[in-house]
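A look at the structure
Residues per chain are reported as follows:
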Amino acid sequence: MRRLNASVSCVLFLVTLWAGRLPAQTSSNDGLTRTVYVSVLNKSGAPVTDLSTDDFVVKEGGKDREIVRADMSAVPLRIAVVVDDNGTGIFRAGIAKFIERLQGRAEFALSSVEGQHLRLVDYTANLDRVLTALSQLSARPATNDGGQLLEGIFETAKDFQKRRAPRPIILVLTVGGEEHSTLPAHNVLDELEKSGAALHVIAINSSALRAMAVVSKPGALLESNLNLSEVLGDGPKQSGGKREEIVASAGIFSGLQELAEALRNQYAVSFSRPDRPKDTEKLSVSVKRSGLTVRAPVKLRVVQAK
């Protein structure tokens, strides 16, 4: 009997020890807790890193949420870089420094829009592989009047849904031009929301980099251009990203470095949601400290990491 009791006690101890090592409940399993990744910036655009749980305010569907925890995120990023540079190679040096700054914190995929969307390297943390693929974005034949950037964003968002990455980012770099995709903006924005990815856009609109097409029927391209403009404008706002208009190539490096710092210093804000609201409920994340800017998605989908 003593041996049996000892065996039972041992089993109970091991079960308790094992259970203590299990991760806390997450939104991807029970819907009771959600985690959102947010950037908090000061007036100069630099990350603010000294906030605590008590500094954050979260509302979902207009209801105040209890914040369980808020601290600097250690979850690896998965970043898809989509380049539409008209063969100029203008973004290459800035992307290299951006990737180097986030080395060890992210996996990267690189693709280009040369008429169509073309993946150059799949997600990898290997810096050499990414830089080798990046070398393909040196000066090369131009892509005429534009391409299918909408398709690139759409395909990347769909791919993120399949991979179910917990912290996905889409970075679009473009020199403007005519859009030739027939995808409606709402379709692309819906897939972006489902993916849970934050969309960041750095755009240079210069006729010196890509001349606008001359068409006999301007209305033929008008709808596509409006769709692209809506996605590049509303996508960052809705997903917790940022759109930046660069007037000169010198701003590419600083813009990408500021983004890298913001991503390096994001908060993971976890909050309880006992009433299990729908994914369509509007999300609001703010801080009590004045003068700060918070980048966060306005809706939050459940994303299960593989």
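Since the model is a prediction, treat every value here as computed from it, not as a measurement.

1. Looking at the packing of aromatic side chains
Applying the stated criterion across every chain yields a total of 3 aromatic pairs. Ring geometry for Tyr123 against Phe160: centres 5.6 Å apart, planes inclined by 40 degrees, an arrangement best described as tilted. With Tyr123 in strand 7 (residues 116–124) and Phe160 in helix 5 (residues 149–163), the pair connects residues that are 37 residues apart, well separated along the chain. Since its relative accessible area comes to 10%, Tyr123 is described here as buried. Above the ring of Tyr123, the side-chain terminus of Arg78 is found at 5.3 Å from the ring centroid.

2. With respect to the confidence of the model for the chain
Mean pLDDT over the chain: 85, with 80% of residues reaching 70 or higher. In this model, residues 1–29 is a region of pLDDT below 50 whose contacts with residues beyond four sequence positions or in other chains number 12 contacts.

3. Structural notes on the packing of helix 3 (residues 92–101) against helix 4 (residues 127–134)
Interhelical geometry of helix 3 versus helix 4 gives an angle of 170 degrees and a closest axis separation of 11 Å. In terms of their interaxial angle, helix 3 and helix 4 are classed as roughly antiparallel. In this structure, helix 3 contributes Arg92, Ile95, Ala96, Ile99 and Glu100 to the contact, and helix 4 contributes Leu127, Val130, Leu131 and Leu134. In terms of residue class, the contact of helix 3 with helix 4 is made up of 7 nonpolar, no polar and 2 charged.

4. Structural notes on the side chain of Ser181
As for its placement among the helices and strands, Ser181 is situated in the loop between strand 10 (178–179) and helix 6 (185–195). The class of Ser181 is buried, set by a relative accessible area of 1%. For Ser181, the side chain forms a polar contact with the side chain of Glu151, separated by 3.2 Å. Residues contacting Ser181, with those up to four places away along its chain left out, are Gly147, Gln148, Leu150, Glu151 and Ser224.

5. Points about the nonpolar core
Counting residues in each nonpolar core, the largest one holds 33 residues, and the members touching the most others are Ile79, Ile95, Phe98, Leu110 and Leu173. Those elements giving two or more residues to this core turn out to be strand 5 (77–84), helix 3, strand 6 (106–114), strand 7, helix 4, strand 9 (168–174), strand 11 (198–203) and helix 8 (250–264). Counting residues per element, this core draws most heavily on helix 8, which supplies 5 residues. The residues contacting Leu173, other than those within four sequence positions of it, are Val81, Val82, Val83, Asp84, Phe91, Ile95, Ile202 and Leu256. Within the second largest apolar cluster, 26 residues are counted, among which are Val113, Phe160, Ile170 and Val231.

6. Topic: the sheet that holds strand 14 (residues 283–287)
If you walk across this open sheet you meet the 3 strands as 3-2-14, and the pairing is antiparallel. Edge strands, defined here as strands with exactly one partner in the open sheet, are strand 3 (63–64) and strand 14.

7. Things to note about helix 5
A rise of 1.5 Å per residue sets the reference length of helix 5, with its 15 residues, at 21 Å; its end C-alpha atoms lie 21 Å apart and thus fit the reference within 8%. In the stretch just after helix 5, Arg164 is the one whose phi turns positive, near 55 degrees.

8. Structural notes on the sheet that holds strand 1 (residues 33–41)
Pairing is antiparallel across the open sheet formed by 4 strands, whose spatial order is 4-13-1-15. Each edge of the open sheet carries a strand with a single partner, namely strand 4 (67–72) and strand 15 (293–295). In this sheet, adjacent strand axes meet at a mean angle of 30 degrees when their direction is disregarded. Pairing of strand 1 with strand 13 (residues 267–272), which is carried by 6 bridges, proceeds in the antiparallel orientation. Its bridge partner being in strand 13, Arg34 is matched across the sheet by Phe271.

9. Some words on the environment of Arg273
Summarising the element assignment, Arg273 is placed in the loop between strand 13 and strand 14. Under the relative-accessibility criterion, Arg273 is labelled buried at 2%. A polar atom in the side chain of Arg273 sits 3.3 Å from the side chain of Glu60.

10. Structural notes on the pairing of strand 11
Each regular strand shows side chains that alternate between the opposite faces of the sheet. Of all 6 residues making up strand 11, 6 are buried, and the element is well covered by its neighbours. Residues Ala198, His200 and Ile202 line one face of strand 11 and the alternating positions Leu199, Val201 and Ala203 line the opposite face, and both faces are buried. Relative to strand 11, strand 9 runs parallel, the two sharing 6 bridges. When the bridges of strand 11 are listed, Val172 appears paired with Val201. With 3 bridges joining them, strand 11 and strand 12 (residues 243–245) adopt parallel strand pairing. Across the sheet, the residue bridging to Ile202 is Glu244, located in strand 12.

11. Some details on the pattern of salt bridges
Taken as a whole and assessed by the stated rule, the structure comprises 19 salt bridges. The salt bridge involving Arg101 is made with Glu261; its shortest N-O contact spans 2.4 Å. Of this pair, Arg101 sits in helix 3 while Glu261 sits in helix 8; the two residues are 160 residues apart in sequence, bridging distant segments of the chain. Using a relative accessible area of 23% as the deciding quantity, one classes Glu261 as partly exposed.

Conventions adopted
Residues numbered from 1 in each chain as written. Predicted model: local features only at pLDDT ≥ 70, side-chain atom pairs only at ≥ 80, totals over all residues. Heavy atoms only, no water. Phe/Tyr/Trp six-rings, centres within 6.5 Å; stacked < 30°, edge-to-face > 60°. Helix = DSSP H or I, 4+ residues; strand = E, 2+ residues; numbered from the N terminus. Buried < 20%, exposed > 50% of the residue type's maximum accessible area, 1.4 Å probe, protein only. Lys NZ or Arg CZ within 6 Å of the ring centre and 35° of its normal. pLDDT = per-residue confidence, 0-100. Contact = heavy atoms within 4.5 Å. Axes fitted to C-alpha atoms, helices over the stretch in contact; angles between N-to-C directions. Parallel < 35°, antiparallel > 145°, perpendicular 65-115°, else oblique. Nonpolar A, V, L, I, M, F, W, Y, C, P; charged D, E, K, R; others polar. Polar contact = N/O pair within 3.5 Å; in protein donor to acceptor, adjacent residues only side chain to side chain. Core = buried A, V, L, I, M, F, W, Y, C linked by side-chain atoms within 4.5 Å. Pairing = 2+ DSSP bridges. Expected span 1.5 Å × (residues − 1). Salt bridge = Lys/Arg side-chain N within 4 Å of Asp/Glu carboxyl O.

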